[in-house]
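# Structural overview
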Amino acid sequence: MHDGYIFTLGICGSTMASGPAPASLDLMLAALAPVKRAAYFGEVLISTDLPSLDDPLTTPVVNDIADADVLLITTPLPGGKLPARLHSLVRLIEHAAPVQRRRFAVIIAFTDGTTEGLWPLRHALDAAAIEVLSELYAPAEADLDELAPELISLAHMVYGRAHALHPEALT
């Protein structure tokens, strides 16, 4: 718990305004009480420093994952794979030391093809001792208005599971 609150972290593999992943994450986060943060891993990393493959967003997000009680993960699966920046984060999660408390996640994937690209994410969450409570697969160009009730229900479900472990948590 984060200062007496359930800490919810949202992670999105996209920042594309035309895609449903960022809007889906925003919708789910808005349905939950504080404390919450969001990390959007856009498709292109722009560096003002010397050329580098280091992503300045990954280390703070890995640190937030260690503190999080709830993870809401939304991502497109272009070509059936995780976006490159999200995949880099997944590799860091996989090698991070597991936290010795129960944590929960839901995964929302937007694809018109296979969902096999989620295996690295599932494996990393398992290695980090984060239990995936549900996965939702939607078309790449899903109608957010149609998905909204299910997204909100999933957010409440995963938050409710964390709150059941910490009934004293402020909401």
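Here, every reference points to the structure presented above.
Residues numbered from 1 in each chain as written. Predicted model: local features only at pLDDT ≥ 70, side-chain atom pairs only at ≥ 80, totals over all residues. Heavy atoms only, no water.

## Let's talk about the environment of L144
Just so we agree on the cut-off: Starting at the N terminus, helices and strands are each numbered in turn, a helix being any DSSP run of H or I of at least four residues and a strand any DSSP run of E of at least two. The criterion used for residue contact is that any of the two residues' heavy atoms lie within 4.5 Å.
Position of L144 relative to the elements: it lies in helix α5 (residues 144-165). Sequence separation between L144 and L27 is 117 residues; the distance between their C-alpha atoms is 9.2 Å. Other than its neighbours up to four places away in sequence, L144 contacts A23, S24, L27 and L151.

## A few points about the sheet that holds strand β5 (residues 130-138)
Rules: If DSSP finds at least two bridges between two strands, the strands pair. What counts as an axis is a line fitted to C-alpha atoms, over the stretch in contact for a helix, and the angles between N-to-C directions run from 0 to 180 degrees.
Read across the open sheet, the five strands follow the order β2-β1-β3-β4-β5; overall the sheet is parallel. Two strands close off the open sheet at either side, each with one partner strand: β2 (36-40) and β5. On average, each strand axis in the sheet is inclined to that of its neighbour by 15 degrees, with strand direction left out of account. Two elements, strand β1 (residues 8-12) and β2, share five bridges in a ladder whose sense is parallel. For T8, the partnering residue across the bridge sits in β2 and is K36. Strands in contact with helix α1 (residues 20-30) are β1, β2, β3 (70-76) and β4 (103-110); relative to β3, the strand with the most contacts, it is inclined by about 160 degrees.

## A short note on helix α2 (residues 58-67)
Applied cut-off: When accessible area is computed with a 1.4 Å probe and restricted to protein chains, residues below 20% of their type maximum are described as buried, those above 50% as exposed, and intermediate ones as partly exposed. Arc definition: it is the arc formed by the directions from the helix axis to the C-beta atoms.
Residues of α2 that are buried include every one of T58, V61, V62, D64 and I65, and no others. The buried residues of α2 all sit within an arc of 160 degrees when viewed along its axis, so they share a single face. Packed against the buried residues of α2 are β1, β2, β3, α3 (84-95), β4 and β5.

## Brief notes about the layout of surface pockets
The test is simple: Here a cavity denotes a set of grid points, spaced 1 Å apart and computed over the protein atoms alone, in which a 1.4 Å probe fits but from which it cannot get out, and a pocket denotes an open set meeting protein on both sides within 12 Å along at least five of seven lines; residues with an atom within 4 Å of a point are reported as lining. Grid points are joined across faces, edges and corners, and a volume is the space filled by probe spheres set on the points.
If you add up the space inside the largest pocket, you get close to 230 Å³. Lining the largest pocket are 17 residues, with M16, P76, L77, P78 and A140 sitting closest to its centre.

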